[in-house]
Amino acid sequence: MNIHEYQAKELLSKYGVGIPAGIAALTVEEAVAAARQLPGPLYVVKAQIHAGGRGKGKFKELAADAKGGVRLAKSIEEVEAFAKEMLGNTLVTIQTGDAGKQVNRLYVTDGVDIEKEYYLSMVVDRATSRVALIVSTEGGMDIEEVAHSTPERITTITVDIATGFQAHHGRAVAFALKLTGELNKQAQKISKQLYEAFVALDCDMLEINPLVETKDGNLLVLDTKMSFDSNALYRHPDVMALRDETEEDPAEVEASKYDLAYIKLDGDIGCMVNGAGLAMATMDIIKLNGMFPANFLDVGGGANKEKVTAAFKIILADPAVKGILVNIFGGIMKCDVIAEGIVAAAKEVNLQVPLVVRLEGTNVQQGKDILAGSGLPIVAANDLGDAAKKIVAEVKNVA
Ligand code: ADP
Ligand code: MG
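None of these values were measured; they are calculated from a predicted model. (Residues numbered from 1 in each chain as written. Chains lettered and ligands numbered in written order. Predicted model: local features only at pLDDT ≥ 70, side-chain atom pairs only at ≥ 80, totals over all residues. Heavy atoms only, no water.)

### Some remarks on the overall build of the protein
So, point 1. Each helix and strand counted, the protein has 13 helices and 19 strands in total.
So, point 2. Taken along its principal axes, the extent of the C-alpha atoms in the protein is 80 × 50 × 40 Å.
So, point 3. Counting over 399 residues, the protein shows a buried share of 49%.
So, point 4. Counting contacts in the protein only where the partners sit at least 6 residues apart, residues at least 24 apart contribute 69% of the total.
So, point 5. Total accessible area on the protein is roughly 18,800 Å²; 53% of this is exposed by carbon and sulfur atoms. (Helix = DSSP H or I, 4+ residues; strand = E, 2+ residues; numbered from the N terminus. Buried < 20%, exposed > 50% of the residue type's maximum accessible area, 1.4 Å probe, protein only. Contact = heavy atoms within 4.5 Å. Areas by Shrake-Rupley, 256 points an atom, 1.4 Å probe, with all protein chains shown as cover.)

What follows is the structure in structure tokens.
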């Protein structure tokens, strides 16, 4: 789960991290009121969307040469004008895709006199089972370009979760950022604070870009992206409360209500599978047969009729879906129960696209009999390869 910059900064401030003052705003009036509470004379108006690259982004509704989603304002009047330009409009950045994201919230924050911009992020590194701290002297808006053309300017430091953040990790961060004196000490301190926040909040990613050195010699967090391990969210009701469903794919929000793991993809074939591994294999074999999956969908081990129906509805609500492949292994669940669920769901949603079903496991014959006797145009498949071939052939036939 992702949260907005202003929310992430509120969370981080509890760990002692230096952050410029700022206030979130939902309307132009709130943005003006927010600016009045800040010392000025420089303010920054920042679009709050769950995507980075806002500074270099473009608003669909504004002229091509208009500035993006991070604007430096020199007066309250400018804050008002920028808020008017941004709210309700669609910001397109390198991370939003062509559709862009509508800006519904702003963050009005203190303008900072920047001496230099640095980069610092943390992720869970699966390869080493550690937290990787990634730092660079080349912070700011072009970190992707730095990683691409001058990777030697990026340093990775890993922290063993069992022993935690040690003084030498802090020194390594400060050294990689080439900081000396008081700033070196600040870098050690801030990296420790950020690590503590990362672990305590069960983050899976925390990116500070830029971390800035101010003209008066302080290190401040100027931009924050934070995402959380969804499997640990139950431990953090305060974080869960920060969820902004308007930023998420509506189908994914609907799926989460039924505890279905659903991710929208770009292809034509809707997939309904139980178990994440089987779902991945199903997607692979669809590709092997020359088409692309329209989604990843794991209905889980204990799928019942209600879940299967919900999953069908979610898949069919996607206009890109030209056929559905159901691939279910009846282990804990029995195939006949699953078949009944599929038939009931297909009738309820008035299925219009080809449906291929591959069932395997307990009571598989009863399951196949139920599908065959349903009177619905369901194509039965014997194994995964057969299923993929059949759905691709069916979809191509219709087209
Ligand atoms: P994004 O990464 O989405 O483009 P940032 O918050 O990193 O958004 O802002 C882009 C750039 O705008 C920063 O690299 C920094 O140069 C400038 N900036 C952002 N916030 C401030 C601020 N409070 N004061 C001065 N400059 C800022
Ligand atoms: Mg940034």
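### Looking at the environment of E196
So, point 1. Here E196 is to be found in helix α6 (residues 181–200).
So, point 2. Residues E196 and Y15 lie 181 residues apart in sequence; the distance between their C-alpha atoms is 7.6 Å.

### Examining the site of ligand 1
So, point 1. Around ligand 1, the surrounding shell holds 17 residues, and the nearest of these are K46, R54, G55, D110 and E117.
So, point 2. Here a nitrogen atom of ligand 1 sits 2.9 Å away from a polar atom, N or O, in the main chain of D110.
So, point 3. With respect to ligand 1, the backbone of N209 contributes an N or O atom lying 3.1 Å from an oxygen atom.
So, point 4. Within the residue set of the shell around ligand 1, elements represented by two or more residues are β2 (43–47), β8 (114–125) and β11 (203–214).
So, point 5. Here the shell around ligand 1 is built from residues that sort into 7 nonpolar, 5 polar and 5 charged.
So, point 6. Of the domains in this structure, domain 1 (9–110) and domain 2 (114–240) are the two that each give at least three residues to the shell around ligand 1. (Near = heavy atom within 4 Å. Polar contact = N/O pair within 3.5 Å; in protein donor to acceptor, adjacent residues only side chain to side chain. Nonpolar A, V, L, I, M, F, W, Y, C, P; charged D, E, K, R; others polar. Domains from an automatic or database assignment.)

### Brief notes about the pattern of salt bridges
Between side chains of opposite charge, pairing is possible as soon as their charged atoms come close.
So, point 1. Counting across every chain of the model gives 19 salt bridges.
So, point 2. Among the salt bridges present, the one from E80 reaches K84, with a minimum N-O distance of 3.7 Å. Pair noted here: E80 and K84 are both in helix α3 (residues 76–86), with a separation of 4 residues, about one helical turn.
So, point 3. Judged by relative accessible area, which is 54%, K84 ranks as exposed.
So, point 4. The closest approach of N and O atoms between K257 and E254, which form a salt bridge, is 3.3 Å. Here K257 and its partner E254 are both found in helix α8 (residues 250–257), 3 residues apart, which amounts to about one turn of the helix.
So, point 5. Each of E5, K9, K46, R54 and D223 takes part in one network of salt bridges that share partners. (Salt bridge = Lys/Arg side-chain N within 4 Å of Asp/Glu carboxyl O.)

### Considerations on the nonpolar core
Side chains that are nonpolar tend, in soluble globular proteins, to be buried together.
So, point 1. Ranked by internal contacts, the top residues of the largest apolar core, which has 39 residues, are L133, L194, L211, M226 and F228.
So, point 2. The element that contributes the greatest number of residues to this core is α6, accounting for 7 residues.
So, point 3. There are two domains that each give this core at least three residues, and those are domain 1 (9–110) and domain 2 (114–240).
So, point 4. Once residues lying within four places of it in the same chain are set aside, the contact partners of L133 are S121, M122, T155, T156, I157, V159, F165, V173 and Y195.
So, point 5. In terms of nonpolar packing, the next biggest core, distinct from the first, is built from 34 residues, A294, V321, A345 and L351 among them. (Core = buried A, V, L, I, M, F, W, Y, C linked by side-chain atoms within 4.5 Å.)

### Observations concerning the UniProt feature "binding site: Mg(2+)" (unreviewed entry) in the protein
So, point 1. Taking the UniProt record as the reference, the feature "binding site: Mg(2+)" (unreviewed entry) is found at N209 and D223.
So, point 2. Note that N209 resides in strand β11.
So, point 3. Beyond its immediate stretch of four places on either side in the chain, N209 contacts Y118, Y119, G139, G140, I143 and D223.
So, point 4. A polar contact of 2.5 Å, which involves the side chain of N209, links it to the backbone oxygen of G140.
So, point 5. In this structure D223 comes out as buried when scored by relative accessible area, which is 18%. (UniProt positions renumbered as here; feature names shortened; annotations may be inferred.)

### Some words on the domain arrangement of the protein
So, point 1. Structurally, the protein comprises domain 1 (9–110), domain 2 (114–240) and domain 3 (250–398).
So, point 2. Centre-to-centre separation of domain 1 and domain 3, based on C-alpha positions: 42 Å.

### Thoughts on the sheet that holds strand β6 (residues 101–102)
So, point 1. Taken together, 3 strands build an open sheet; the order of strands is β3-β5-β6 and the sheet is antiparallel. Whereas interior strands pair on both sides, the edge strands pair on one side only; in this sheet they are β3 (58–59) and β6.
So, point 2. Examined bridge by bridge, strand β5 (residues 90–92) and β6 share 2 bridges and lie antiparallel to one another. Of the residues in β6, the one forming a bridge with L91 is K101. (Pairing = 2+ DSSP bridges.)

### A closer look at the coordination of the magnesium ion (ligand 2)
So, point 1. Here the magnesium ion (ligand 2) is held by N209 (O) and D223 (OD), and the distances to it run 2.1 to 2.2 Å. Residue N209 is located in strand β11, and its partner D223 is located in the loop between β12 (219–221) and β13 (224–228); the two are separated by 14 residues in the primary sequence. Each member of the pair, N209 as well as D223, is classed as buried. (Donors = N, O, S within 2.8 Å, 3.2 Å for Na, K, Ca; no water.)

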